[in-house]
Amino acid sequence: MLTTRPRGTNDILPGEVEKWQYIEEIARQVSGQFGYHEIRTPLFEHTELFLRGVGETTDIVEKEMYSFEDRGKRNITLRPEGTASTVRAFLENKLYANPQPTKLFYIGPMFRYDRPQAGRYRQFHQFGIEVFGSHHPSVDAEVIGLACEYLERLGLNQLKVHINTVGCPKCRPQYREALIKYFQDKKDILCKTCLGRLEKNPLRILDCKNTQCQELSLNAPTIQNSTCSECQIHFQQVQNYLDSVGIEYIVNPKLVRGLDYYTHTAFEILVQGIGAQSAICGGGRYNGLIEQCGGKPTPGIGFAMGMERLLLTLELQGISLIANYNNPEIYIATVGEETEQLAFRLAMQLRKKGISVEKDYLDKSLKAQMKTADRLNVKYTLIIGEEEFEKNQVTIRNMATSQQNKIPISDIISYIERSLRGK
RNA sequence: GUGGGUGUGGCGAAGUGGUUAACGCACCGGAUUGUGGCUCCGGCAUUCGUGGGUUCAAGUCCCAUCACCCACCCCA
């Protein structure tokens, strides 16, 4: 137990961590260019925030939250997603007082007590964006466009963008009724979970993976026939914007997102081959959420992207992220004790000059030190033995050409700078 | 929460119930005087996820437990 990480968590080790740095860097780059600013909120919040923000009937809240009582008897939950926290921070810090809309992004760990499997972990990471304060359809298109641009910049392809509208508080109740009416007399065919959904959230039945439920859904009333004209116009405008910049998408009337707060536009970006979890990005508009969290009525929209799934997809598509291993440029090999101390001082001086240096820490033989230098793939190895030490010299060996010569110790730093940087 | 699969050294991986648990890679050391990449030699699991049980004898059989993987569910 002592040497085992908790279930569903991962160590990101050297060699892997560089990939994370890269995809995070691109995320920041793209977000910046789109005019989004980073926000960092706590990893835990008051439990009520998620009950209210995510929705009490969602699976996340019903069975996936990491909740505990702190020493002050407060109910605390590790954040299962980023939107609720971002909304809270927006309200608490009165960001609505700034010119609107507010465009934010975040990158960080989320926590859900799920059963781990391919592409699903208990601690996972999301890159997400949120826009508060505009109901303009171009914002919907921009949010989708940002996601696409990011994925494209990473070199991903064969991604499918699914979009839908899930209606608004005006027309969704009617659609709900229509669905309930449709499924009511087919109760005996529906799966157990859908039976429950019929009461709580009939839209989710459309999303069921059960083949019988899917067949039933085929002839179910579609939301397009039930939405109000306002919703239809909005949805059409979003599509026009997407068309105008050549973003391809599929209108999927059965796309229903699992979080209660969505209104109008909902979308997902799907890939195949990374296991059963095929959504690498999901999002939509949530015009009622901010009000529900205690703010003035304010429209909002955003998405969240799963970084682990992103990396799985990159690997699957054979996209190698150039890992910038910080290989040292110089290795200092020594023979003897006094020389080791000299090596230490030299290393520190060179590093001050911005040169990466490695040395021996295990009193290895010269042969073994050379082997290490070779494996580190350094450009030059400095060799300091008794002979050099007495003459105040250092042997510098070019590892590629095997040529070496002796340099006075007083010149060695400038000599290395010249050799390495050409200055 | 439900179901299936797996569990041998740092990694990969052999191992019909019977003596010192193959092999490959990695790692460490060496092949005369202070020097890497090739080659050669040597070292590296009191132990087979853990705990019980069966047996004269278990990594090999049984039970339990834990962990990991995959799927359902749900989602990123």
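Bear in mind that the values here come from a model prediction, so they are computed numbers and not experimental data. (Residues numbered from 1 in each chain as written. Chains lettered and ligands numbered in written order. Predicted model: local features only at pLDDT ≥ 70, side-chain atom pairs only at ≥ 80, totals over all residues. Heavy atoms only, no water.)

## Some points on the overall build of chain A
When helices and strands are counted, chain A shows 15 helices and 16 strands. The C-alpha atoms of chain A give 29 Å as radius of gyration, which overshoots the globular expectation for 423 residues (22 Å, by more than 25%). Overall size of chain A, expressed as C-alpha extent along the three principal axes, is 95 × 50 × 45 Å. In chain A, which comprises 423 residues, the share counted as buried stands at 48%. (Helix = DSSP H or I, 4+ residues; strand = E, 2+ residues; numbered from the N terminus. Rg over C-alpha atoms; globule rule 2.2 N^0.38 Å. Buried < 20%, exposed > 50% of the residue type's maximum accessible area, 1.4 Å probe, protein only.)

## A short note on the sheet that holds strand β2 (residues 44-46)
The strand order across the open sheet built from three strands is β2-β4-β3, with neighbouring strands paired in antiparallel fashion. For this open sheet the edge positions go to β2 and β3 (66-69), each flanked by a neighbour on one side alone. Averaged over all pairs of adjacent strands, the angle between their axes in this sheet comes to 30°, without regard to strand direction. With four bridges joining them, β3 and strand β4 (residues 75-78) adopt antiparallel strand pairing. Counterpart to Ser67 in the pairing with β4 is Thr77. Contacting β2, β3 and β4, helix α2 (residues 47-54) crosses the sheet at an angle of about 80° to β2. (Pairing = 2+ DSSP bridges. Axes fitted to C-alpha atoms, helices over the stretch in contact; angles between N-to-C directions. Contact = heavy atoms within 4.5 Å.)

## Structural notes on the domain arrangement of chain A
Here chain A is partitioned into domain 1 (17-171 + 227-316) and domain 2 (330-417). Averaged C-alpha coordinates put domain 1 and domain 2 at centres separated by 52 Å. (Domains from an automatic or database assignment.)

## Some points on the side chain of Arg285
Examined against the element boundaries, Arg285 turns out to sit in strand β10 (residues 279-285). Exposure remark for Arg285: the relative accessible area of 0% places this residue in the buried category. Among the polar contacts made by the side chain of Arg285, one reaches the main-chain carbonyl oxygen of Ser134 at a distance of 3.0 Å. A polar contact of 3.0 Å, which involves the side chain of Arg285, links it to the side chain of Asn287. (Polar contact = N/O pair within 3.5 Å; in protein donor to acceptor, adjacent residues only side chain to side chain.)

## Describing the environment of Pro101
Tracing the sequence through the fold places Pro101 in the loop between α4 (83-92) and β5 (102-111). Given the relative accessible area of 36%, Pro101 is considered partly exposed. A C-alpha to C-alpha distance of 9.2 Å links Pro101 and Gly300, two positions 199 residues apart in sequence. Leave out the neighbours within four places in its chain, and Pro101 touches Val131, Phe132, Gly133 and Ser134.

## A short note on the packing of aromatic side chains
With the rule as written, the count across this model stands at eight aromatic pairs. Between Phe90 and Tyr96 the ring centres are 5.9 Å apart and the planes differ by 75°, which places this aromatic pair in the edge-to-face class. Taking relative accessible area as the criterion, Tyr96 reaches 39% and is therefore assigned partly exposed. Centre to centre, the rings of Tyr182 and Phe183 are 4.9 Å apart; their planes meet at 80°, and the pair counts as edge-to-face. Exposure class is identical for Tyr182 and Phe183. Each is buried. Across from the ring centre of Tyr182, 4.0 Å away, lies the NZ or CZ of Lys186, which sits over that ring. (Phe/Tyr/Trp six-rings, centres within 6.5 Å; stacked < 30°, edge-to-face > 60°. Lys NZ or Arg CZ within 6 Å of the ring centre and 35° of its normal.)

## Topic: a negative patch on the surface
A cluster of acidic residues, Glu337, Glu338, Asp363, Glu386 and Glu390, forms a negative patch at the surface. Mapped onto the negative patch, the elements with two or more residues apiece are α12 (337-352) and α14 (386-391). Its place among the elements puts Glu337 in helix α12. (Patch = residues over 30% accessible without salt bridge, like charges linked within 9 Å, V, L, I, M, F, W, Y side chains within 5 Å. Areas by Shrake-Rupley, 256 points an atom, 1.4 Å probe, with all protein chains shown as cover. Salt bridge = Lys/Arg side-chain N within 4 Å of Asp/Glu carboxyl O. Lys, Arg positive; Asp, Glu negative; His and termini not counted. Charge placed at Lys NZ, Arg CZ, Asp CG, Glu CD.)

## Here's the deal with the protein's contact with RNA strand B
Around RNA strand B lies a shell of 48 residues, among which Arg7, Arg115, Arg197, Arg257 and Ser402 are the nearest. Within 4 Å of the protein, the atoms of RNA strand B are drawn from sugar and phosphate moieties in a proportion of 55%. Taking Glu388, its side chain carries an N or O atom lying 2.7 Å from a base nitrogen of RNA strand B. With respect to RNA strand B, the side chain of Gln404 contributes an N or O atom lying 2.7 Å from a base oxygen. Where the surface near RNA strand B is concerned, the elements lending two or more residues are α3 (59-63), β6 (123-132), β10, β11 (300-306), α13 (366-376) and α14. Class assignment for the residues of the surface near RNA strand B results in 14 nonpolar, 13 polar and 21 charged. (Near = heavy atom within 4 Å. Nonpolar A, V, L, I, M, F, W, Y, C, P; charged D, E, K, R; others polar.)

## Focus: the sheet that holds strand β15 (residues 393-398)
Reading across the sheet, the five strands line up as β13-β12-β14-β15-β16 and stay open at both edges, with mixed pairing between neighbours. Where the open sheet ends on each side, the last strands, each with one partner, are β13 (357-359) and β16 (404-408). Taken pair by pair, the neighbouring strands of this sheet meet at an average axis angle of 25°, ignoring direction. Summarising the sheet, strand β12 (residues 330-334) and strand β14 (residues 380-384) pair through five bridges and their orientation is parallel. In the sheet register, Thr334 faces β14, and the bridge partner there is Ile384.

## Regarding empty space enclosed by the protein
Inspection of every chain in the model, using the stated rule, returns one cavity of 30 Å³ or more. Looking at the largest cavity, its volume works out to about 30 Å³. As for the largest cavity, its lining consists of Ile39, Arg40, Thr41, Arg79, Gly82, Thr86 and Tyr106. Grouping the amino acids of the lining of the largest cavity by side-chain chemistry returns two nonpolar, three polar and two charged. (1 Å grid on protein atoms, 1.4 Å probe; cavity = no way out; pocket = protein on both sides within 12 Å on 5 of 7 lines; lining within 4 Å. Points joined across faces, edges and corners; volume = space filled by probe spheres on them.)

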